[in-house]
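Structure at a glance
For reference, the chains in residue letters:
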Amino acid sequence: MENYFQSVVAHELAHSLFDKASCPFKACVIANEYVAYAMQVMSLTSEQKTEFVEHAHLDRPISRDELSLTMYLMAPNLFAQKTWVHLNQRSDVCSYLRQFLDGTMVLDRERF
């Protein structure tokens, strides 16, 4: 239980880090949540990460288009699972996350 609590803290700390991130829109909710969930799962133990991925049943490439505001709002657990699987399909996880923080990677779309 303590590891789960620590993962929630990691999630919230990632949100505070994202406050300084560059965003071309009024808000970059998806990128913000992507980074927060990635850091949350990253903070889990190896066994917990394995269990998290196994419950996802996502043994295929995850496209960026699958990581949408609708997905996040309607199925946040699935969004978190897809985020983790998608992130781990990148060759350099740290550089990929940094791109969200410096604004060179955008998952969000302008909302009207």
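Residues numbered from 1 in each chain as written. Predicted model: local features only at pLDDT ≥ 70, side-chain atom pairs only at ≥ 80, totals over all residues. Heavy atoms only, no water.

1. Description of the overall build of the protein
For the record, the criterion: Secondary structure counts use DSSP, requiring at least four H or I residues in a row for a helix and at least two E residues in a row for a strand, with both numbered from the N terminus. Atoms counted for the radius of gyration: C-alpha only. Globule rule: 2.2 Å times the number of residues to the power 0.38. Each residue is placed in one exposure class: buried if its accessible area under a 1.4 Å probe, protein chains only, is under 20% of its type's maximum, exposed if it is over 50%, and partly exposed if it falls in between. Two residues qualify as a contact provided that any one of their heavy atoms is within 4.5 Å of a heavy atom in the partner residue.
Looking only at helices and strands, one finds 6 helices and 0 strands in the protein. Ordering the α and β elements of the protein from the N terminus gives α-α-α-α-α-α. By the compact-globule yardstick of 13 Å for 112 residues, the protein fits well, its C-alpha radius of gyration being 13 Å. Each of the three principal axes of the protein carries a C-alpha extent, and together these read 40 × 30 × 30 Å. When the 112 residues of the protein are sorted by exposure, 38% land in the buried category. Once local pairs closer than 6 in sequence are excluded, the contacts in the protein between residues at least 24 apart make up 72%.

2. Things to note about the state of the cysteines
Applied cut-off: Cysteine sulfurs are considered disulfide-paired once they come within 2.5 Å of each other.
As enumerated under the stated definition, the model contains 1 disulfide in all. Between the sulfur of Cys23 and that of Cys28 lies a disulfide, 2.0 Å long from S to S. Its torsion about the S-S bond being 85 degrees, the disulfide of Cys23 and Cys28 is classed as right-handed.

3. Considering helix H6 (residues 93-102)
Convention followed: By definition, the arc is the one covered by directions from the helix axis to the C-beta atoms.
Within the sequence span of H6, burial applies to Tyr96, Leu97 and Phe100. Seen from one end, H6 has its buried residues packed into an arc of 95 degrees, which puts them on one side. Turned more than 90 degrees away from the buried face of H6 sit Cys94 and Arg98, all of them exposed. Residues of H6 that are buried in the fold lie against helix H1 (2-18), helix H2 (29-42) and helix H5 (76-88). Once H6 finishes, Gly103 follows within two positions and takes phi at roughly 85 degrees, a positive value.

4. Some remarks on the environment of Met74
Inspection of the secondary structure puts Met74 in helix H4 (residues 69-74). By relative accessible area, Met74 is classed as exposed at 70%. In this structure, the C-alpha to C-alpha distance between Met74 and Leu101, residues 27 residues apart in sequence, is 25 Å.

5. Describing the side chain of His15
Turning to its location among the elements, His15 is positioned in helix H1. The class for His15 is buried, based on a relative accessible area of 14%. Here His15 is in contact with Asn32, Glu33 and Ala36, once residues within four sequence places are set aside.

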